[in-house]
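Residue-level structural notes
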Amino acid sequence: MGPPGSGKGTQAGDIGERHGVPAISTGDIFRANVDADTPLGHLAREYIEAGEYVPDSVTIDMLRDRVDQPDCEQGFVLDGYPRTIAQVGALDELLTSTRHELRAVLVLEVDRDELVDRLVRRAATEGRTDDSEDVIRRRLELYADETDPLLSEYDSRGVLVRLDGSGTRAEVAERVAEALAVRA
Ligand code: ADP
């Protein structure tokens, strides 16, 4: 978990590679569907472009389909899911039915100025349609408003690890690896 620009996609990909499991980014799946003009893409597009969350029912079904794929049998890393308490509940059910256990919930913390800097830089290179200034502001605000209950829930389960997400990719990767090593 982490706000937009915290580097969670990058770190999730690196964790997946290191552990030989897929990194599943709900944002990437939505964007691929928008680009391919699928029915799911049609549903998701207006939310993504406004910086709002895609409705839980849509997101949860999509995640379930993805985790049912054979490459997830040995485990998986989630990037950008869950973002609501309903998604937490759905993930619990999914993990029980697929006999997986939640090993850790890592939260990347980065201060707001650095986030905005990174997102503005990314906007210049990647051309994501939701990286315009007002949509960035809305995504940051939504994360700040919606995430606390999830952090409290996972903290009470003893699986939450807050990490400093500032600095280089390698520096953050080292903190992530240390956090995961103590939870092996
Ligand atoms: P960021 O964290 O920078 O916003 P993501 O690629 O993770 O980037 O998500 C992009 C957009 O995809 C979100 O703003 C939202 O519209 C949608 N999205 C991704 N994951 C979820 C989710 N778990 N629940 C609802 N909407 C989601």
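What this report covers is the structure whose coordinates are included nearby. Just so you know, these numbers come straight off a predicted model, no measurement behind them. (Residues numbered from 1 in each chain as written. Predicted model: local features only at pLDDT ≥ 70, side-chain atom pairs only at ≥ 80, totals over all residues. Heavy atoms only, no water.)

Points about the overall build of the protein chain
Summing up its helical and strand segments, the protein chain has nine helices and four strands in all. What you see in the protein chain, going N to C, is helices and strands ordered as α-β-α-α-α-β-α-β-α-α-α-β-α. Taken over the C-alpha trace, the protein chain has a radius of gyration of 16 Å; the compact-globule value for 184 residues is 16 Å, and the two agree within 12%. The C-alpha extent of the protein chain, read off along each of the three principal axes, is 40 × 40 × 30 Å. Here the protein chain, with 184 residues, has 44% of them falling under the buried criterion. Taking the intrachain contacts of the protein chain between residues at least 6 apart in sequence as the baseline, contacts between residues at least 24 apart amount to 75%. Carbon and sulfur atoms make up 48% of the accessible area of the protein chain, which amounts to about 10,000 Å² in all. Treating the 22 positive side-chain charges of the protein chain as one cloud and the 38 negative ones as another, the clouds have centres 2 Å apart. (Helix = DSSP H or I, 4+ residues; strand = E, 2+ residues; numbered from the N terminus. Rg over C-alpha atoms; globule rule 2.2 N^0.38 Å. Buried < 20%, exposed > 50% of the residue type's maximum accessible area, 1.4 Å probe, protein only. Contact = heavy atoms within 4.5 Å. Areas by Shrake-Rupley, 256 points an atom, 1.4 Å probe, with all protein chains shown as cover. Lys, Arg positive; Asp, Glu negative; His and termini not counted. Charge placed at Lys NZ, Arg CZ, Asp CG, Glu CD.)

Here's the deal with the environment of Ile 29
Relative to the helices and strands, Ile 29 is located in helix α2 (residues 26-35). Not counting residues up to four positions away in its chain, the partners in contact with Ile 29 are Ile 24, Met 62 and Arg 66.

A word on helix α3 (residues 39-50)
Side chains three or four residues apart in an α-helix point the same way, a direct result of the helix having 3.6 residues per turn. Within α3, burial applies to Gly 41, Ala 44 and Ile 48. What you see down the axis of α3 is that its buried residues fit within an arc of 80 degrees, all on one side. Of the exposed residues in α3, those oriented more than 90 degrees away from the buried face are Pro 39, His 42 and Glu 46. The inward-facing, buried residues of α3 abut α2 and α7 (133-146). A positive phi of about 80 degrees marks Gly 51, the residue just after α3. (Arc of directions from axis to C-beta.)

Side note on the side chain of His 100
Summarising the element assignment, His 100 is placed in the loop between α5 (85-97) and β3 (105-109). At 3.0 Å, the side chain of His 100 and the side chain of Thr 98 are in polar contact. With residues near it in sequence (within four places) discarded, His 100 still touches Cys 72, Glu 73, Gln 74, Gly 75, Phe 76 and Leu 95. (Polar contact = N/O pair within 3.5 Å; in protein donor to acceptor, adjacent residues only side chain to side chain.)

Considering the site of the ligand
Inspection of the region around the ligand gives 19 residues, with Lys 8, Thr 26, Glu 52, Arg 83 and Arg 139 positioned closest. Between a nitrogen atom of the ligand and a side-chain N or O atom of Thr 26, the distance comes to 2.7 Å. Between an oxygen atom of the ligand and a side-chain N or O atom of Arg 83, the distance comes to 2.5 Å. In the complex, 97% of the free accessible area of the ligand, which totals 550 Å², lies under the protein chains. If one sorts the elements of the shell around the ligand by residue count, α2 sits on top with four residues. In terms of residue class, the shell around the ligand is made up of six nonpolar, five polar and eight charged. (Near = heavy atom within 4 Å. Nonpolar A, V, L, I, M, F, W, Y, C, P; charged D, E, K, R; others polar.)

Quick look at the nonpolar core
Grouped together as the largest cluster of nonpolar side chains are 21 residues, with contacts concentrated most on Met 1, Leu 63 and Tyr 154. Those elements giving two or more residues to this core turn out to be α4 (56-67), α5, β3 and α8 (148-156). Top element by residues in this core is α5. It accounts for five residues. Once residues lying within four places of it in the same chain are set aside, the contact partners of Met 1 are Lys 8, Pro 82, Val 105, Leu 106, Val 107, Leu 108, Tyr 143, Thr 147, Leu 150, Leu 151 and Tyr 154. Counting residues in each nonpolar core, the second largest holds 13 residues, with Ile 15, Ala 104, Leu 106 and Leu 108 among its members. (Core = buried A, V, L, I, M, F, W, Y, C linked by side-chain atoms within 4.5 Å.)

Quick look at the environment of Ala 86
When you line up the elements, Ala 86 lands in helix α5. Assessed through its relative accessible area of 40%, Ala 86 is described here as partly exposed. With 26 residues separating them along the chain, Ala 86 and Ile 60 place their C-alpha atoms 8.7 Å apart. Excluding its chain neighbours within four sequence positions, the residues that come into contact with Ala 86 are Asp 56 and Ile 60.

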